Amino acid sequence: MVILGIESTAHTASVGLVSERAEVLGLASDMYRPTKGGIHPREAANHHVEQFPALVRRAMDAAHLQPSDVEAIAFSQGPGLGPCLRAGATVARMLSLAWGRPLVPVNHCVAHIEIARVLSGMEDPLLLYASGGNTQVIAYGRGRYRVLGETLDIGIGNFLDKLWIELGGTFPGGPALEAEAKRGSELLVLPYSVHGMDVTFSGILTAALALHARGVPLADLAYSVEVTTYSMLTEITERALAHRRRDTVVLGGGVACNERLRTMVRTMVEARGGTMFAPPRSLCVDNGAMIAWTGYLALRAGVTIPVEESVIEPRQRTDLVLAPWRTG
Ligand code: ATP
Ligand code: FE2
């Protein structure tokens, strides 16, 4: 069985083709990169509309598949930017009607989790979902994914992007800051903002910009920002592990590409006698394969949506949707 997945929640338009064994048969993505400032929702949506026809073709060609080989069309229903979600949903509805295949709605956050979980081979891990818009520590419990702790203001990725843009760079900031941080060595004092299992970032942004204005070396600033914020994420993950009595952790979301974050979380988990897994980077960032895989799980549990009811859900939280494939 092959499922086609459409991703378009924010900056990336992507089409993935995945088998029932979670093999990625085809994946074609294109990221909207604003020349200045952050993401403009309508410009990003226009980018997606332009890119999707070629992306569908590229993914199908890479997988050597015909439309008749595809069992269902899964799409990111939310959360995300309205115009971007609408662009992807329109493509998904069109393919569903043209190819006569069911449409499967997928929550974008749950998809980040499920692709990491299947690749890890872990049955019931704790999840650290660190992406642009989200920063959540998650565990499955009674029918759905539960958010144990999260950011109380902005997502870690949005924080890194905003900081980098304010420092004069362009989107995305996470990878650029990572390169800069590798050259840093002095740990500057920044607010460390953990509240139980929650975190906040906006005060760190203000403090980091103030340090920059005082002329501290950029590499040291990037290094300090990474060490401080990733320590916060490691701490709330450890607290959740202890409370939930788990010993396995998977990472998901674009910021999970970061080498320092991976190392810090792995060090903490292994010190407790547990194991940590992070997917390959192409499957940490937004991608159609994670939507296709989660669509497969949902379809197997009987989840489909009629085209006329397939509205987008820009504010659909991780813990708002059911995960019926986990109830067994
Ligand atoms: P969400 O999943 O919350 O909707 P999103 O879909 O916008 O967010 P993802 O594609 O999952 O985001 O992640 C994008 C984010 O990951 C960006 O903020 C980017 O800066 C960050 N990122 C990517 N690579 C790295 C890296 N190596 N280090 C740190 N951050 C990174
Ligand atoms: Fe994402």
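Check the entry above for the structure.
Residues numbered from 1 in each chain as written. Chains lettered and ligands numbered in written order. Predicted model: local features only at pLDDT ≥ 70, side-chain atom pairs only at ≥ 80, totals over all residues. Heavy atoms only, no water.

Caption draft 1: The arrangement of helix H1 (residues 41-63) in detail. Compared with the 33 Å implied by 1.5 Å per residue over 23 residues, the 31 Å span of H1 between its first and last C-alpha is a close match. The largest bend in H1 amounts to roughly 45° and is located at Gln51, with the proline Pro53 lying one to four residues further along. Among the residues making up H1, those that are buried are Ala44, Ala45, His47, His48, Phe52, Leu55, Val56, Ala59, Met60 and Ala63. Just downstream of H1 lies His64, where phi reads positive at about 55°. (Helix = DSSP H or I, 4+ residues; strand = E, 2+ residues; numbered from the N terminus. Expected span 1.5 Å × (residues − 1). Bend = angle between axes of the 7 residues up to and from the residue. Buried < 20%, exposed > 50% of the residue type's maximum accessible area, 1.4 Å probe, protein only.)

Caption draft 2: Geometry of empty space enclosed by the protein. Per the stated rule, a full pass over the model turns up one cavity of 30 Å³ or more. Considering only enclosed or pocket space, the largest cavity measures out at about 40 Å³ in volume. Lining the largest cavity are His112, Ile113, Ala116, Leu127, Leu128, Tyr129, Val250, Leu251 and Gly252. Elements supplying a minimum of two residues to the lining of the largest cavity: helix H3 (108-120), strand E6 (126-130) and strand E11 (248-252). (1 Å grid on protein atoms, 1.4 Å probe; cavity = no way out; pocket = protein on both sides within 12 Å on 5 of 7 lines; lining within 4 Å. Points joined across faces, edges and corners; volume = space filled by probe spheres on them.)

Caption draft 3: Structural context of the coordination of the iron ion (ligand 2). Of the protein atoms, only His108 (NE2), His112 (NE2) and Asp286 (OD) coordinate the iron ion (ligand 2), at distances of 2.0 to 2.2 Å. Taken together, the six donor atoms surrounding the iron ion (ligand 2) define angles of 79 to 172° at the centre, an arrangement classified as octahedral. Each donor residue of the iron ion (ligand 2) lies on the same chain, and together they follow the pattern H-x3-H-x173-D. Of the two residues, His108 sits in helix H3 while Asp286 sits in the loop between helix H9 (281-284) and helix H10 (288-300), which places them 178 residues apart along the sequence. (Donors = N, O, S within 2.8 Å, 3.2 Å for Na, K, Ca; no water. Tetrahedral: all angles 85-135°; square planar, octahedral: opposite > 155°, others 65-115°.)

Caption draft 4: The arrangement of the site of ligand 1 in detail. Taken together, 25 residues surround ligand 1, and among them Tyr129, Ser131, Asp161, Glu178 and Asp286 come closest. Burial of ligand 1 by the protein chains amounts to 93% of its free accessible area of 650 Å². Those elements giving two or more residues to the shell around ligand 1 turn out to be H3, helix H4 (156-166) and helix H5 (173-181). Per-element accounting of the shell around ligand 1 gives the leading share, four residues, to H5. Split into classes, the residues belonging to the shell around ligand 1 amount to nine nonpolar, 13 polar and three charged. (Near = heavy atom within 4 Å. Areas by Shrake-Rupley, 256 points an atom, 1.4 Å probe, with all protein chains shown as cover. Nonpolar A, V, L, I, M, F, W, Y, C, P; charged D, E, K, R; others polar.)

Caption draft 5: Structural view of helix H8 (residues 259-271). Here H8 is 13 residues long and its end C-alpha atoms lie 18 Å apart, about the 18 Å a rise of 1.5 Å per residue gives. Taken as a whole, H8 has its buried residues at Leu261, Arg262, Val265, Met268 and Val269. The buried residues of H8 all sit within an arc of 140° when viewed along its axis, so they share a single face. Seen from the open side of H8, the exposed residues pointing more than 90 degrees away from its buried face are Thr267 and Ala271. Looking at the buried positions of H8, the neighbouring elements they touch are E6, helix H7 (218-244), E11, strand E12 (275-277) and H9. Two or three places before Arg260, at the start of H8, stands the capping residue Asn258, its side-chain oxygen 2.9 Å from that residue's backbone nitrogen. (Arc of directions from axis to C-beta. Contact = heavy atoms within 4.5 Å. Polar contact = N/O pair within 3.5 Å; in protein donor to acceptor, adjacent residues only side chain to side chain.)

Caption draft 6: Geometry of the sheet that holds strand E2 (residues 12-19). Read from one edge of the open sheet, five strands run E3-E2-E1-E4-E5, paired in mixed fashion. Edge positions in the sheet fall to strand E3 (24-31) and strand E5 (103-107), since each has one partner strand and no second. In this sheet, adjacent strand axes meet at a mean angle of 20° when their direction is disregarded. Examined bridge by bridge, strand E4 (residues 70-78) and E5 share five bridges and lie parallel to one another. Counted as the bridge partner of Ile73 is Leu103 from E5. Against the sheet, H3 touches strand E1 (2-7), E4 and E5, its axis set at about 85° to E5. (Pairing = 2+ DSSP bridges. Axes fitted to C-alpha atoms, helices over the stretch in contact; angles between N-to-C directions.)

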